[in-house]
Amino acid sequence: MGSVPDSKQIDWQPLIDAAIEAMGKSYSPYSKYPVGAAALTTNGAVVSGCNIENASLGITLCAECSLVSDLVMNDGGKLVAFACVDRDSNALMPCGRCRQLLYEHAAPGMLLRSTSGIRTIEEMLPDAFGPERLS
């Protein structure tokens, strides 16, 4: 799986299930708001992450940060489809910081399950600043 498949080709339920499983490992004693995320990679693997809070709050890790760490640590390629859930399994919209983080590690056209439906990462972060702008 080297490129981003059409949104109809993605079986979203396994990603949602992996995000729910990751959410179960959330460390969120302060906000009491567990979040889980999961993504399919160009290598065909599923990577996941959860939010990890800190008493100082400012250095709390979002689920997306945890997911990208899993991706990099496991040499997972690029992200092709992404889902993030709250405690009720509802889709969550990544914040701007996390969209930027996802963009950096996304295959072009990565699909994102958002609160307004399936969108590409480019739709979620138009005119993004990425590594291609540094050359």
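Residues numbered from 1 in each chain as written. Predicted model: local features only at pLDDT ≥ 70, side-chain atom pairs only at ≥ 80, totals over all residues. Heavy atoms only, no water.

*Asks:* Hey, could you run me through the overall build of the protein chain in this one?
*Replies:* Counting secondary structure elements, the protein chain contains 4 helices and 5 strands. Going residue by residue from the N terminus, the α and β elements of the protein chain occur as α-β-β-α-β-α-β-β-α. Against the compact-globule benchmark of 14 Å for 135 residues, the protein chain has a radius of gyration of 14 Å, which places it among compact chains. For the C-alpha atoms alone, the extent of the protein chain along its principal axes is close to 40 × 35 × 30 Å. Counting the 135 residues in the protein chain, one finds 44% classified as buried. Contacts in the protein chain between residues at least 24 apart in sequence constitute 60% of all its contacts with a sequence separation of at least 6. When the accessible area of the protein chain is evaluated, it comes to approximately 7,000 Å², of which 54% is carbon and sulfur surface. Each charge sign in the protein chain was given a centre, from 10 positive and 15 negative side chains, and these centres are 5 Å apart. (Helix = DSSP H or I, 4+ residues; strand = E, 2+ residues; numbered from the N terminus. Rg over C-alpha atoms; globule rule 2.2 N^0.38 Å. Buried < 20%, exposed > 50% of the residue type's maximum accessible area, 1.4 Å probe, protein only. Contact = heavy atoms within 4.5 Å. Areas by Shrake-Rupley, 256 points an atom, 1.4 Å probe, with all protein chains shown as cover. Lys, Arg positive; Asp, Glu negative; His and termini not counted. Charge placed at Lys NZ, Arg CZ, Asp CG, Glu CD.)

*Asks:* Could you clarify how one ought to interpret a nonpolar patch on the surface in this entry?
*Replies:* On the surface, a nonpolar cluster with roughly 470 Å² of combined accessible area is contributed by Tyr27, Tyr30, Ile52, Leu57 and Leu61. As for its position among the elements, Leu61 is in the loop between β2 (46–50) and α2 (63–73). (Patch = residues over 30% accessible without salt bridge, like charges linked within 9 Å, V, L, I, M, F, W, Y side chains within 5 Å. Salt bridge = Lys/Arg side-chain N within 4 Å of Asp/Glu carboxyl O.)

Read these as geometric descriptors, not functional statements.
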